[in-house]
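Read off the chains here:
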Amino acid sequence: MNNHFRRVFAGLGCAVMLASCAGGAPAVTALTVRATGAEMAYQPASMTVPAGAAVELTFENNSDFSHNFILINGDEATLTAVDVGGDKAGESGGYIPVNVPGTIAESTLLTAGQTGVVKFTAPAAGTYFYFCTYPSHLEAGMRGVLTVE
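In short, a report on the structure. Values in this document were obtained by computation on a predicted structure and should not be read as measured data.

Criteria and cut-off values
- Residues numbered from 1 in each chain as written.
- Predicted model: local features only at pLDDT ≥ 70, side-chain atom pairs only at ≥ 80, totals over all residues.
- Heavy atoms only, no water.
- Phe/Tyr/Trp six-rings, centres within 6.5 Å; stacked < 30°, edge-to-face > 60°.
- Helix = DSSP H or I, 4+ residues; strand = E, 2+ residues; numbered from the N terminus.
- Expected span 1.5 Å × (residues − 1).
- Buried < 20%, exposed > 50% of the residue type's maximum accessible area, 1.4 Å probe, protein only.
- Arc of directions from axis to C-beta.
- Contact = heavy atoms within 4.5 Å.
- Polar contact = N/O pair within 3.5 Å; in protein donor to acceptor, adjacent residues only side chain to side chain.

Okay, the packing of aromatic side chains next. Enumeration over the complete set of coordinates arrives at 6 aromatic pairs. Taken together through their ring pairs, the aromatic side chains of Y42, F59, F69 and Y130 make up a single cluster.

With 14 residues, helix α2 (residues 76-89) should cover 20 Å at 1.5 Å per step; its first-to-last C-alpha distance of 20 Å lies within 8% of that length. Every buried residue of α2 is accounted for by T78, L79, V82, D83, G85 and G86. Along the axis of α2, the buried positions cluster into a sector of 155°, meaning they face one direction only. In α2, the exposed positions angled more than 90 degrees off the buried face are occupied by A77 and K88. In this structure, the buried side of α2 is in contact with β4 (70-72), β5 (103-106), β7 (126-131) and β8 (143-148). Where α2 begins, one side-chain oxygen reaches toward the backbone nitrogen of A77, 3.1 Å away; that side chain belongs to D75. Downstream of α2 by a residue or two, G90 has a phi angle that is positive, lying close to 70°.

The structure is reproduced here in structure tokens:
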């Protein structure tokens, strides 16, 4: 086999390898969560994603109030600590806790009518809480569960 054909076959082999690697990128899992009207609730109140998925969550605040979206890894005590951290951050900090362990992803504080996008990689299989850290919204029921399978 002459050098010309060797180079052609080598080039084809590289092209096939690159194409197979490019096809291995994970698909984005798109989710949408909403807040509407005067309700202190997310719709839906539960969602499921595969472990390790690239997640792009659109948060539509169609409610009468400002809200954010915080996803945490932890139990009720972690949820409370993150909520208290949000209170400490205050409105100027978007009620986003700073240096509080357990936060996986968060949106900015969205006023009525705004939409935001939160991107994150789904953690290991398990159950995770999402909630709003605006004062008194968690206590009013603004929370949900993300199940990772």
